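Listed below, chain by chain, are the residues.
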Amino acid sequence: MNSIKNLVWGILNSLLTVSAGIIVPRYIIQYLGSESNGFFSALNQIYAYLSLLDAGVAVAAVQALYVPIAQNHTAEINSILYTTRQYYKKISMIYAAIVGLLSFILPFLLKTPFSYATVCLSFACMGAGQVLSFAIQGKIIVYLIAAGKKYYIHIASILFLILVNVGKLLLAYRGFNIVLIFLLQLAVQAGISLYYVLLQKYKYAGLDFTVRSSTTCIEQNKYGLIEQIAFIIFMNTDIVLISIFMNMFVVSKYSLYTLVTHNIYTFVGLTWDAVHA
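Residues numbered from 1 in each chain as written. Predicted model: local features only at pLDDT ≥ 70, side-chain atom pairs only at ≥ 80, totals over all residues. Heavy atoms only, no water.

Colleague: I keep staring at the side chain of Asn78 and nothing clicks. Help me out?
Modeller: Mapped onto the elements, Asn78 comes out in helix 4 (residues 74-109). Setting aside residues up to four positions removed in sequence, Asn78 forms contacts with Gly206, Leu207, Asp208 and Val211. (Helix = DSSP H or I, 4+ residues; strand = E, 2+ residues; numbered from the N terminus. Contact = heavy atoms within 4.5 Å.)

Colleague: What's the story with a nonpolar patch on the surface in this structure? I'm lost.
Modeller: On the surface, Leu101, Phe104, Ile105, Phe108, Leu109 and Tyr116 cluster together to form a nonpolar patch covering roughly 630 Å² of accessible area. The element that contributes the greatest number of residues to the nonpolar patch is helix 4, accounting for five residues. Residue placement: Leu109 occurs in helix 4. Looking at Leu109, the relative accessible area reads 40%, which means it is partly exposed. (Patch = residues over 30% accessible without salt bridge, like charges linked within 9 Å, V, L, I, M, F, W, Y side chains within 5 Å. Areas by Shrake-Rupley, 256 points an atom, 1.4 Å probe, with all protein chains shown as cover. Salt bridge = Lys/Arg side-chain N within 4 Å of Asp/Glu carboxyl O. Buried < 20%, exposed > 50% of the residue type's maximum accessible area, 1.4 Å probe, protein only.)

Colleague: How do you make sense of empty space enclosed by the protein when you look at a structure like this?
Modeller: Here the idea is plain: a probe the size of a water molecule rolls over the atoms and shows the empty space left. Counted by the stated rule, this structure contains one cavity of 30 Å³ or more. Roughly 30 Å³ of volume is contained in the largest cavity. Lining of the largest cavity is provided by Cys125, Met126, Gly129, Gln130, Gln185, Leu186 and Gln189. Secondary-structure elements contributing two or more residues to the lining of the largest cavity are helix 5 (116-146) and helix 7 (178-203). It is helix 5 that provides the largest number of residues to the lining of the largest cavity, a total of four residues. Per-class residue counts for the lining of the largest cavity are three nonpolar, four polar and no charged. (1 Å grid on protein atoms, 1.4 Å probe; cavity = no way out; pocket = protein on both sides within 12 Å on 5 of 7 lines; lining within 4 Å. Points joined across faces, edges and corners; volume = space filled by probe spheres on them. Nonpolar A, V, L, I, M, F, W, Y, C, P; charged D, E, K, R; others polar.)

Colleague: What is the right way to read the nonpolar core from this model?
Modeller: The tendency in soluble globular proteins is for nonpolar side chains to be buried as a group. Core analysis: the biggest nonpolar cluster contains 56 residues, and Phe39, Leu43, Phe123, Tyr143, Leu144 and Tyr196 have the highest contact counts within it. Elements with a contribution of two residues or more to this core: helix 1 (2-32), helix 2 (34-50), helix 3 (57-70), helix 4, helix 5, helix 6 (150-173) and helix 7. Residue contacts for Leu43: discarding those within four places in its chain leaves Leu110, Ser122, Phe123, Met126 and Phe182. (Core = buried A, V, L, I, M, F, W, Y, C linked by side-chain atoms within 4.5 Å.)

Colleague: What am I meant to see in the packing of helix 2 against helix 5 here?
Modeller: To describe two helices that pack against each other, one gives the angle between their axes and the distance between the axes. Viewed as axis vectors pointing N to C, helix 2 and helix 5 meet at an angle of 45°, and their least axial separation amounts to 11 Å. The pairing of helix 2 with helix 5 is recorded here as oblique in orientation. Once helix 2 is placed against helix 5, the crossing between them reads as right-handed. Mapping the contact onto sequence places Phe39, Leu43, Asn44, Ile46, Tyr47 and Leu50 in helix 2 and Val119, Ser122, Phe123, Met126, Gly127 and Gln130 in helix 5. When the residues that make up the contact of helix 2 with helix 5 are grouped by side-chain class, the tally is eight nonpolar, four polar and no charged. (Axes fitted to C-alpha atoms, helices over the stretch in contact; angles between N-to-C directions. Parallel < 35°, antiparallel > 145°, perpendicular 65-115°, else oblique. Left-handed = near helix turned anticlockwise from the far one by under 90°.)

Colleague: Hey, could you run me through the packing of aromatic side chains in this one?
Modeller: Two descriptors summarise a pair of aromatic rings, namely the distance from one centre to the other and the angle between the planes of the rings. Taken as a whole and judged by the stated rule, the model has 14 aromatic pairs. Seen in terms of ring centroids, Tyr31 and Tyr173 are 5.3 Å apart; in terms of plane orientation they differ by 80°. Their pairing is edge-to-face. Taken together, the residues span a long stretch of sequence, with Tyr31 in helix 1 and Tyr173 in helix 6 at a distance of 142 residues. Relative accessible area serves as the criterion here: at 30%, Tyr31 is assigned to the partly exposed category. Ring geometry for Phe108 against Tyr116: centres 5.3 Å apart, planes inclined by 55°, an arrangement best described as tilted. Judged by relative accessible area, Tyr116 falls into the partly exposed class, the value being 36%. Taken together, the ring pairs in this structure connect Tyr47, Tyr88, Tyr95, Phe123 and Phe134 into an aromatic cluster. For the cation-ring pair, Lys168 lies above Phe40, with the distance from its terminal atom to the ring centre recorded as 4.8 Å. (Phe/Tyr/Trp six-rings, centres within 6.5 Å; stacked < 30°, edge-to-face > 60°. Lys NZ or Arg CZ within 6 Å of the ring centre and 35° of its normal.)

This is the structure:
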């Protein structure tokens, strides 16, 4: 039953992700201009690099959880989740510090038509959402993946996609400052974090993230990091370099040219993930 739910929700998530990737940029360009679309693309790619701070923790923790979950060994499950929580606490603090620093530096590096304050606040709002993801969502997501309950993650992703993209289009249509769009994204991310907290509290109340443990259960995170580095360099370097050495208009045009291939990759990746959940 879990496999069917994972498959159905995973494919739906794939279709919505690809649809949003095709439809939304068109209207952002129409309502806010090509430079705004380029700016969104540039920030997304920069944050893809910052995701390296995960350092393979999620992959290693999921692998460590498979056996105790299969054996229903609650004490060991909680012990691994405690270690994972500690890692994510450190990551979220480091992430917040880097976001704060880059928020002040990036306006000087990116060639945008926007003011210093706009770039700074936009980057900070987007980063704050990612901090919430690491600090609150990460440890719960790791358990859901290992337990074969990925449909909960797909549902959260679908909610996020719908709320953010509908809100983005409405704000863009009304001509609001792009900072408000990033504030909306932060608000939705906070709501998704609450979704995971409530899910853990009422559906998986037996999970205890305070049981102390050694860190040996997720020592292998370096292998996940190597894989992440290779993937991110391959998928995201081009737009980051164009953002620094050219301008947002060129970034927007380039992102539209790569839209089809990126969305095909996204659809295949998410669908494959759903099938093998």
